[in-house]
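Here is what each chain is made of, one letter per residue.
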Amino acid sequence: MPAKWKCINNEAHIFERATNDFLCTYCKQLGELSMIIAIEPVVPVNKPSSEHPESGHPGLNQNRSEHPGSEGFVSGRPASCESNAINGETSSPKSTPYNYDSGTPEFDTYDQKSGIDESAPYNYKPDMPESIRIGHEYTMGRVSRKEVGLSVLVMDASSSMLEPAFAGSPLSRLSLVAKTAAYGVFDLQHMQNNPNAFVTIIVFDDRVRHVFPDGPISIASLIKRFDADVHKFALFLEEELGSMKQGTDINAALNEAYWVVSNFMENKFSSIYDGQYSPVQQTILKFGTIDSVSIPNVRVLIYTDGMQYDARENRTLLPNPFNAHPILGLNHDVLIGAYFGQGNEDGAAQLSSVVSKCPVHDVRQFFLIDSPTRINSLQSLFRMASGASGFCPKCLESSN
Ligand SMILES: [Zn+2]
Ligand SMILES: [Zn+2]
């Protein structure tokens, strides 16, 4: 068996054996995700861990057809679509800062024993500001409406996501992202108004599939559905992502997200209070001006590790639909992009070129996940997006 393993964020976090999920248990207890890597490179980095879906865990939704080669095919699109929109304000959930420099981490040095309880619960309890106003109820005409937020998580499940996330860890990108997303969403467990924060998840390769085919689900319901067990949700996501593995049709994925947001703004989702809701609005002072703008708490987060490559081998990334065809009432392009890879790769340039700039900070709504130390940022990004707040790395920093 390998020698020891160490935490990427804190060298004093040493493990005799690899943890089950190749994450640091000490950091997890502090509410942060951090990978562990072998101190000596004894584990082949491209050997899939036993918990990877591709090695024996079939996807949960086997009844869903795969339709190979049918580009643009969408499965599981929510059928529940029904009737208009209006207002509030919010603030962001607590997040850890996103650091721009990608140098090696600085390690604390103090002694720490290994042999800890790997099943220790995930204890993170972010301070959710009281000012989160998602959930206010008001009466319009004779109908009582809830103010809700919507997050659309668009997750790349292409074959390249099966590659090792970072050298020294057996975790694939897919596995790491699944865990990171699960923890990010579960961080909202203690957000007071999480019954009114809705999320929907779209997975894509050169096809597109809805993970929740009944339409957007509230964070509260999601957590309940997975028995408040973040590991269960992470495994579910891994299985969903692991069941695809073809090309990378970013165009189709963005179109599907656009479809979701359009329908949300038109109150067509019966899964959200039977369509009796309004988007929570956030008033933002636009960068460099004295103008304020009211933007609904709707966010679309797409991450990818590649470039556009659909079933027809088309490599042209089309204009961002949120920009090209603005949705009434949205007042801003709500697409946030994250790239899993190095900043000098063409895929990074391609994705960052289609996202808009944050209305508050004038910084691109783009995140680069290029080193293991960014895993915490990715978790925070999923948390921010799931809470339907923030746009850019600076938003993530200031929401801390
Ligand atoms: Zn650690
Ligand atoms: Zn910003």
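In the block above lies the structure referred to throughout.
It should be emphasised that the depicted structure is a prediction, and the values quoted were computed from it without experimental measurement.

Asker: Which parts of the structure should I look at to understand the pairing of strand 13 (residues 298–304)?
Answerer: Regular strands show a simple pattern: their side chains alternate between the two faces of the sheet. In terms of residue burial, strand 13 counts as a mostly covered element, since 7 of its 7 residues are buried. Neither face of strand 13 is left uncovered, since the one carrying V298, V300, I302 and T304 and the one carrying R299, L301 and Y303 both have all their residues buried. The sheet contact formed by strand 13 and strand 14 (residues 335–340) spans 5 bridges and is parallel. Residue pairing for strand 14: L301 is matched across the bridge by I336.

Asker: Help me understand the sheet that holds strand 2 (residues 14–15), please; the structure alone is not making it clear to me.
Answerer: Strand pairs in the sheet, formed through backbone hydrogen bonds, run parallel or antiparallel to each other. Taken in spatial order, the 3 strands of this open sheet run 2-1-3, and their pairing is antiparallel. Here the strands that pair on one side only, and so sit at the sheet edges, are strand 2 and strand 3 (36–38). Bridging between strand 1 (residues 5–7) and strand 2 involves 2 bridges; their strand directions are antiparallel. Bridge pairing in strand 2 links K6 to I14.

Asker: Sorry, what's going on with the packing of helix 2 (residues 173–186) against helix 8 (residues 375–386) here?
Answerer: The relative placement of two packed helices comes down to the angle between their axes together with the axis-to-axis distance. Packing of helix 2 against helix 8 leaves a shortest axis separation of 7 Å and a crossing angle of 50°. Taken together, the axes of helix 2 and helix 8 lie oblique to each other. Every pair of crossing elements has a handedness; the one defined by helix 2 and helix 8 is right-handed. Of the residues in helix 8, those in contact with L176, T180, A181, Y183, G184 and V185 of helix 2 are I375, L378, Q379, S380, L381, F382, R383 and S386. Across the contact of helix 2 with helix 8, the residue classes break down as 8 nonpolar, 5 polar and 1 charged.

Asker: Explain helix 5 (residues 250–265) here, please?
Answerer: An α-helix turns once every 3.6 residues. As a result, residues three or four positions apart point the same way. For helix 5, with 16 residues, the first-to-last C-alpha span of 22 Å sits near the 22 Å given by 1.5 Å per residue. Residue N267 follows helix 5 closely and has a positive phi angle near 60°.

Asker: What should I look at first to understand the pairing of strand 11 (residues 281–285) in this one?
Answerer: Two elements, strand 11 and strand 12 (residues 292–296), share 5 bridges in a ladder whose sense is antiparallel. Within strand 12, the residue paired with Q281 across the bridge is P296. The turn linking strand 11 back onto strand 12 is made up of 6 residues, and G288 within it adopts a positive phi angle of 70°.

Rules of the game
- Residues numbered from 1 in each chain as written.
- Chains lettered and ligands numbered in written order.
- Predicted model: local features only at pLDDT ≥ 70, side-chain atom pairs only at ≥ 80, totals over all residues.
- Buried ≥ 20, exposed ≤ 12 C-beta atoms within 10 Å, placed from the backbone.
- Helix = DSSP H or I, 4+ residues; strand = E, 2+ residues; numbered from the N terminus.
- Pairing = 2+ DSSP bridges.
- Axes fitted to C-alpha atoms, helices over the stretch in contact; angles between N-to-C directions.
- Parallel < 35°, antiparallel > 145°, perpendicular 65-115°, else oblique.
- Left-handed = near helix turned anticlockwise from the far one by under 90°.
- Contact = placed C-beta atoms within 7 Å.
- Nonpolar A, V, L, I, M, F, W, Y, C, P; charged D, E, K, R; others polar.
- Expected span 1.5 Å × (residues − 1).

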